[in-house]
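Residue-level listing of the chains:
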Amino acid sequence: MKGVATSFVSHTKETAAKVASETVDKTNVLTGKKVEELVKEYSELYTAVLLGLHKDLLAQKARTEESARNSVQIQQQNELRIARLEKLATSKPMQNYLAMAALAVAVAALGVAVWAAM
């Protein structure tokens, strides 16, 4: 009989604990506490996600602006090089050097033609 009483008390305690747990769960649902906890949890999670996305976008913006600045600098350097080459190619001494080189190539070609004809 003592074993039955102990079993009954044990079963009653387990049942009471289940009822208490379910009562707390149902009370939380009815009062909105469960919803409040879920909203708080999701708000924290999505806030962290959005802050991370914002940080990534700022980093991407910085890289894009740096790339644009580098592109402008490279373009300006190329324009300066082209201007220098144009100036060099149209200068009188360069024209003289090119004319002399063309004359030397023509003389060499004539020499090869004469030699081949012999």
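This is a predicted model, so every value here is computed, not measured.

Caption draft 1: Structural view of the overall build of the chain. Assigned secondary structure in the chain consists of three helices and zero strands. The order of helices and strands in the chain, counted from the N terminus, is α-α-α. For a compact globule of 118 residues, the expected C-alpha radius of gyration is about 13 Å, and the chain comes in at 45 Å, more than 25% above that figure. Along the first, second and third principal axes, the C-alpha atoms of the chain reach 140 × 35 × 20 Å. Within the chain, buried positions represent 1% of all 118 residues. Carbon and sulfur atoms form 67% of the exposed surface of the chain, whose accessible area is close to 10,800 Å². Between the centroid of the 15 positive side chains of the chain and the centroid of its 12 negative side chains there is a distance of 6 Å.

Caption draft 2: Region of interest: a nonpolar patch on the surface. Taken together, Leu-38, Tyr-42, Leu-45, Tyr-46, Val-49, Leu-50 and Leu-53 make up a surface patch of nonpolar side chains, about 690 Å² in accessible area. Among the secondary structure elements, Leu-50 is positioned in helix α2 (residues 33-90).

Caption draft 3: View of the confidence of the model for the chain. A residue-level look at the chain finds 94% of positions with pLDDT of 70 or above and a mean pLDDT of 85. Per-element confidence in the chain ranges from a low mean pLDDT of 74 for helix α1 (residues 2-31) to a high of 90 for α2.

Caption draft 4: The arrangement of the packing of α2 against helix α3 (residues 92-117) in detail. With their axes 5 Å apart at the nearest point, α2 and α3 run at an angle of 65° to one another. Residues Leu-88, Ala-89 and Thr-90 of α2 form the contact with α3, whose participating residues are Lys-92, Met-94 and Gln-95. A class-by-class count of the residues in the contact of α2 with α3 yields three nonpolar, two polar and one charged.

Caption draft 5: Representation of the environment of Thr-23 in the model. Assignment of secondary structure puts Thr-23 in helix α1. Classification of Thr-23 by relative accessible area gives partly exposed; the value is 41%. With 56 residues separating them in the primary sequence, Thr-23 and Glu-79 have C-alpha atoms 80 Å apart.

Caption draft 6: Inspection of the environment of Glu-37 at higher detail. Tracing the chain through its elements places Glu-37 in helix α2. Along the primary structure Glu-37 and Leu-80 are separated by 43 residues, whereas in three dimensions their C-alpha atoms are 65 Å apart.

Conventions and cut-offs
- Along every chain, residues carry numbers that run from 1 in the direction the sequence is written.
- Selection of residues for local features in this predicted model requires a pLDDT of at least 70, selection of side-chain atom pairs for listing and counting requires 80 or more, and totals for whole chains, interfaces and linings are taken over all residues.
- Heavy atoms from the whole structure form the basis of all side-chain values; hydrogens and water molecules are not counted.
- Each helix is a run of DSSP H or I of at least 4 residues and each strand a run of E of at least 2, with the numbering of both proceeding from the N terminus.
- As defined in this context, the radius of gyration uses C-alpha atoms, and a globule is described by 2.2 Å times the residue total to the power 0.38.
- Burial here depends on accessible area, computed with a 1.4 Å probe over protein chains only, as a share of the maximum for the residue type. Under 20% is buried, over 50% is exposed, and the range in between is partly exposed.
- Accessible surface area values rest on a Shrake-Rupley calculation with a 1.4 Å probe, where residue burial reflects the displayed protein chains alone.
- Counted charges follow a simple rule, with Lys and Arg positive, Asp and Glu negative, and His plus the chain ends left uncounted.
- We put the charge of a Lys on NZ, of an Arg on CZ, of an Asp on CG and of a Glu on CD.
- Here the term patch refers to residues with relative accessible area over 30% and no salt bridge, with like charges joined within 9 Å and nonpolar side chains (Val, Leu, Ile, Met, Phe, Trp, Tyr) within 5 Å.
- Note on definitions: salt bridges are taken to be side-chain nitrogens of Lys or Arg within 4 Å of carboxyl oxygens of Asp or Glu.
- pLDDT is defined as a per-residue confidence score from the predictor, taking values between 0 and 100.
- Lines fitted to the C-alpha atoms define the axes, with helices restricted to the stretch that makes contact. Angles between their N-to-C directions range from 0 to 180 degrees.
- Contacts are assigned to residue pairs that have any heavy atoms within 4.5 Å of one another.
- Polar here means any residue other than Ala, Val, Leu, Ile, Met, Phe, Trp, Tyr, Cys and Pro, which are nonpolar, and Asp, Glu, Lys and Arg, which are charged; Gly is therefore polar.

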